[in-house]
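# Observations on the three-dimensional arrangement
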Amino acid sequence: MLILLPPSESKRTRTRGSALRPETLSAPALTGPREQVASALAQVSAGPEAARVLGVSPTLTEEIARNTRLRTAPTLPARDLYSGVLYDALDLASLGPAASRRATSRLRVVSALYGVVRMTDRLAPYRLSMAVNLPGVGPLGGFWRSHLDPVLTEAAGRGLVVDCRSSTYAAAWAPDAGSALARRWVHVRVPGATHMAKHTRGLVARALCEEPADPRRPDALAEVLAGTVDVELQEPRRPGSPWVLDALPS
C-alpha cells in the first residue's frame, strides 16, 4: 500500500544539525530534478519579486529567506519537518514500533521542492507550493509529473494507492489511465471545510499505519477504515479516474 500525503505550508526548523545531503534521500532518480528546482528557488527567493512569484505574503521574509539556505540549513526528518492539522492528526510520534515501521514503508509526501520523500528523509525547511510557476522550471505540477511517474509506480507495486493529497499536489502525478495501477487508485475525499478535510485525512493515514493488513482492493480498504471514519466508496466515473472514498469522522 502506498499512502500519498501533501506537505504542510508550515515547517519546523532547528538551530543545529547536519546540512542536506542529496545523495542520501530516497528516490535517487530525482536528484537531478531536485537540484534544478532548488537552484531556481534559491535564485527567485533572493530577489525582490520573491513573495509575488511564490504566492506568499511579503511579511514572510524569514520563510522566503530559508529558500536561499537549502544547502546549509540544519535538516529534519520529514516526519518532524511537516506540521499542521493533517500531521497533528497523523501524530507519528505516538505510533508504536510496528506502526512506525509501516509508516516508513507506506507513507510518501509529495513535495514541490523534493518531488516525493519518505518520512525518514532529512530535509531542509523551505517554502514552496506545487501551484507555483517557478522561473527557469515552469509550473511545478507539470514539471514533476513525468519525473514522479516511474518512482511512484514502482513504489506502489501491486498494492493500492491511497491518495490523501489536496488537488494542488494531485496535479503532480496520477497513475497512467490505461494501467492496472489506475484501477487500484483510491482518492480520499472529505466533504466540508478544509480544516476538517486535513484532519480526517490525517486520521485515515494513521489508521492505515496502525493496520497490520495490507488491503489490495478498494472495497477491502473501505472495510479496514470503517472503524475509524464513516466511509462511502464510489466506483470510478470513467476509465483512468480514481475510486472515491468519502470519509467523515465517526
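Reference entry: report on the structure contained in this document. All values reported here derive from a predicted model rather than from experimental measurement.

This part takes up the overall build of the protein chain. Looking only at helices and strands, one finds 10 helices and 11 strands in the protein chain. By the compact-globule yardstick of 18 Å for 250 residues, the protein chain fits well, its C-alpha radius of gyration being 18 Å. When each of the 250 residues of the protein chain is scored for burial, the buried share is 51%. For the protein chain, long-range pairs separated by at least 24 residues make up 72% of all intrachain contacts whose partners lie at least 6 apart in sequence. For the protein chain, the exposed area adds up to about 11,500 Å²; of that, 52% sits on carbon and sulfur atoms. Taking the average place of the 31 positive charges on the side chains of the protein chain and the average place of its 23 negative ones, the gap between the two points comes to 4 Å.

With respect to the helices and strands, the residue proline 22 is situated in the loop between strand E1 (2-5) and helix H1 (31-45). Judged by relative accessible area, which is 36%, proline 22 ranks as partly exposed. Remark: the alpha-carbon pair of proline 22 and glycine 32, spanning 10 residues in sequence, is separated by 9.6 Å.

The subject of this paragraph is helix H10 (residues 218-225). Given 3.6 residues per helical turn, the α-helix brings residues three or four places apart onto the same face. Of the positions making up H10, those classed as buried are Pro218, Ala220, Leu221, Ala222 and Leu225. Its buried side turned inward, H10 meets strand E8 (161-163), strand E9 (185-189), helix H9 (194-210), strand E10 (229-234) and strand E11 (243-249).

Moving on: the packing of aromatic side chains. Per the counting criterion, the structure on display carries three aromatic pairs. Here tyrosine 82 and tyrosine 87 contribute two aromatic rings whose centre-to-centre distance is 5.7 Å and whose plane-to-plane angle is 25°, an arrangement assigned as stacked. Among the residues examined, tyrosine 82 registers a relative accessible area of 1% and is labelled buried. Between the aromatic rings of tyrosine 114 and tyrosine 126, the centroid separation amounts to 5.5 Å while the plane-to-plane angle is 80°, which identifies the pairing as edge-to-face. Taken together, the residues tyrosine 114 in the loop between strand E3 (107-111) and strand E4 (115-117) and tyrosine 126 in the loop between strand E5 (122-123) and strand E6 (133-134) connect sequence positions 12 residues apart. The buried category is assigned to tyrosine 114, whose relative accessible area is 3%.

What counts as what
Counting restarts for each chain: residues are numbered from 1 in the order of the written sequence. In keeping with the model being predicted, local features are shown solely for residues with a pLDDT of at least 70 and side-chain atom pairs are shown and tallied solely at 80 or more, while totals for entire chains, interfaces and linings include all residues. For side-chain calculations, the full set of non-hydrogen atoms in the structure is used, while hydrogens and water are omitted. Segments assigned H or I by DSSP are reported as helices when at least four residues long, segments assigned E as strands when at least two residues long, and all are numbered from the N terminus. For the radius of gyration, the atom set is restricted to C-alpha positions; the globular benchmark scales as 2.2 Å times the number of residues to the power 0.38. To sort residues, take the accessible area from a 1.4 Å probe on protein chains only and compare it with the maximum for the residue type: under 20% means buried, over 50% means exposed, and anything in between is partly exposed. Should any heavy atoms of two residues lie within 4.5 Å, those residues are considered in contact. Surface accessibility in these figures is a Shrake-Rupley result with a 1.4 Å probe; residues are shielded only by whichever protein chains are displayed. When charges are counted, neither His nor the chain ends are considered; positive counts come from Lys and Arg and negative counts from Asp and Glu. To locate a charge, the coordinates of NZ of Lys, CZ of Arg, CG of Asp or CD of Glu are taken. Here is the rule: rings of Phe, Tyr and Trp (six-membered ring for Trp) pair when centre to centre is within 6.5 Å. Planes less than 30 degrees apart are stacked, more than 60 are edge-to-face, and the remainder are tilted.

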